[in-house]
Amino acid sequence: MISLHRSCFLNNSGISGSSSLFSYKLNKLPPASVKATALGPNSDTNASVLIENKAFKEITQDGTSAAANVDINLTVAGGDREVYYDDAATEDQLVTPWSVSVASGYSLLRDPHHNKGLAFTEKERDAHYLRGLLPPTVISQDLQVKKMMYSIRKYKVPLQKYMAMMDLQETNERLFYKLLIDNVEELLPVVYTPTVGEACQKYGSIFRRPQGVFISLKEKGKIHEVLRNWPQKDIQVIVVTDGERILGLGDLGCQGMGIPIGKLSLYTALGGVCPSACLPVTIDVGTNNEQLLNDEFYIGLRRRRATGLEYAELMDEFMTAVKQNYGEKVLIQFEDFANHNAFDLLAKYGTTHLVFNDDIQGTASVVLAGLVAALKVVGGTLADHRFLFLGAGEAGTGIAELTALEISKQTNMPLEEARKKISLVDSKGLIVKSRIDSLQHFKKPWAHDHEPIKKLVDAVNGTKPTVLIGTSGVGRTFTKEVVEAMAALNDKPIIFSLSNPTSQSECTAEEAYTWSKGRAIFASGSPFDPVEYEGRVFVPGQANNAYIFPGFGLGLIMSGAIRVHDDMLLAASEALAAQVTQENFDKGLIYPPFKNIRQISANIAANVAAKAYELGLATRQPRPKDLVKYAESCMYNPAYRSYR
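A few points on the structure. (Residues numbered from 1 in each chain as written. Predicted model: local features only at pLDDT ≥ 70, side-chain atom pairs only at ≥ 80, totals over all residues. Heavy atoms only, no water.)

Structural notes on the nonpolar core
Keep this limit in mind: Here, nonpolar core refers to any group of buried Ala, Val, Leu, Ile, Met, Phe, Trp, Tyr and Cys residues whose side-chain atoms link them within 4.5 Å. Note on exposure labels: buried denotes an accessible area under 20% of the residue type's maximum, exposed denotes more than 50%, and partly exposed covers the range between, all computed with a 1.4 Å probe on protein chains only. What counts as a helix is a DSSP run of H or I of at least four residues, what counts as a strand is a run of E of at least two, and both are numbered from the N terminus. When checking whether two residues touch, look at their non-hydrogen atoms; a contact exists if any pair is within 4.5 Å.
Judged by nonpolar contacts, the single largest core of 125 residues is most densely connected at Phe496, Phe552 and Tyr591. For this core, the element with the highest residue contribution is helix α23 (residues 597-614), accounting for 10 residues. Leaving out residues up to four positions away in the same chain, phenylalanine 496 has contacts with Val367, Gly370, Leu371, Leu468, Ile469, Gly470, Phe478, Ile521, Ala523, Ile590 and Tyr591.

Here you go:
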């Protein structure tokens, strides 16, 4: 492959940007030699490209020659002397930062998309000018995986493991995904929660190289152009954050970029979306975090957060530019926006773009799947249960609404009646009718007729829930008194402690099992180790959004969906719950093990795609006969490819 970054055209006044003049993808030509000469701004002579191999001229586009593998001998001159040097005599001269990259030799070893390290075969080393650039041994990708796992396990600090994984992603992309897929249960907590939270907190000090697009207020009016700076053009999924509510850690501003990067790594590893089709984006409108504003290593804008019209105009320009650049079917996943923006953005763009909020909709779908699966242990239908939430933000109200929708769907009960089975507690206590005038709009559907209650334990005793769900972002709020109250009301209390990271979890797995005397059906947002209680080992389930969003996104992509519908979320929940086996239940699990996540994602994708076709929202026709097999066939395979 040969490409001129950013593709250029040359004229008497130097080099100017162009969109596609000098970009080729070639597979069948023998090595060739190219000498590219770019002339400086004071030259009267046009720059030229000299071709030294006849085979190089065999494939042309609008009269331009191309070749597969080429040696580049680049000489850049200006006037009477060559100017592209780093010496003192030329330091005040303007230069044009263009380069020709060739998938051969030294550059190939530094191209993360094509590098194979010591796995290059003898034939490939000869064909691609790698002799002498690598030690003589040739090893397999599997041995590389074994070696990397050995190295990563040597680190005792999770953040060091995270940094090692990010370095690998930037040097050998296929090995990174092979490693992650083959060791998903061990490495998921490294590349995502809980370690990604610490990575975001320290992102300024560990930042090495850009892995996504940063759009700040400085880029207002130029976002369309900024997106075109990203080298990949066929984007299918964008994960975007403004960094205001990163996990349970609050406003991390520009350093929230760790979340889109981590999410998209999982889109590829767990859902099989091609990494080149994924784009992480951070919208930097400032931060209200004083510690970051005073941190010399902070990488974002040093100003207070923009709000109101200034914020809305930037987001609107971004959403418009995304559709202009990547089309109607690009999936835009909102991630870790604060409540006051998250609901408004989802409502505003849900009818015009293919948008999905993982905190509202993804969390709701994965928790609903856990509830449906838990019914096989505790019995009854969803409509037979009563739900109490601690936390009435994006996650809490999202889960509550999707649960009410599922109850309504199963029973034909009006949605308003289904909502009455669900109560929410926020920072001011139980949400009740007498508070309705002071409530934010997304809390109002949950204001029921009930006397005001301040304390959570009193709300448990007052509403008598069978299910207790924590989405508060405040650690240790499910106290011994609260858990014991749930155990006194229910033979098998369902307790979901969902806040991330681990430090913010409402209670630990050990606390839930111990205080309920081993009777709790427990799941958490962050991973917990197995717990032994009175001779029995309980394996806590993890209500991780990674169960849902990779397969959900794949289902949207493979069907060519143009909008997200609530019924697609219900379809994803049902598909996940259906894959929990009796063996899983016997261990106390209400989610299937992550080691099967690619098969799980394929089934979720198939269910979501089927619903898209049923709703008339799919554009890829005709519909595949076997959607599960089609989903599997669409998945990215990280195994090394053989090079000619």
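Looking at helix α3 (residues 141-154)
Put simply, the rule reads: To estimate the expected span of a helix, subtract one from its residue number and multiply by 1.5 Å. Starting at the helix axis, one direction is taken to each C-beta atom, and the arc is that of these directions.
For α3, which comprises 14 residues, the first-to-last C-alpha distance of 20 Å matches the rise-based estimate of 20 Å (1.5 Å per residue) to within 8%. Turning to α3, its buried residues are Gln141, Gln144, Val145, Met148, Met149 and Ile152. Looking down the long axis of α3, one finds its buried residues gathered within 135 degrees of arc, a one-sided arrangement. Exposed side of α3, more than 90 degrees from the buried face: Lys146, Lys147, Tyr150 and Lys154 are the residues found there. Residues of α3 that are buried in the fold lie against α4 (158-171), α5 (173-182) and α6 (184-191).

Focus: the state of the cysteines
How we decide: Defined by distance alone, a disulfide is two cysteine sulfur atoms within 2.5 Å.
Under the definition given, this model contains zero disulfides. Unpaired in terms of disulfides, cysteine 274 finds its nearest cysteine sulfur in cysteine 278, a separation of 7.4 Å. When its relative accessible area of 32% is taken as the criterion, cysteine 274 is described as partly exposed.

As for the environment of glycine 391
By secondary structure assignment, the location of glycine 391 is in the loop between β17 (387-390) and α15 (394-411). Its relative accessible area of 9% is what places glycine 391 among the buried residues. Between the C-alpha atoms of glycine 391 and valine 474, which are 83 residues apart in sequence, the distance is 9.0 Å. Sequence-distant contacts of glycine 391, defined by excluding residues within four places in its chain, comprise Gly396, Leu424, Val425, Thr471 and Ser472.

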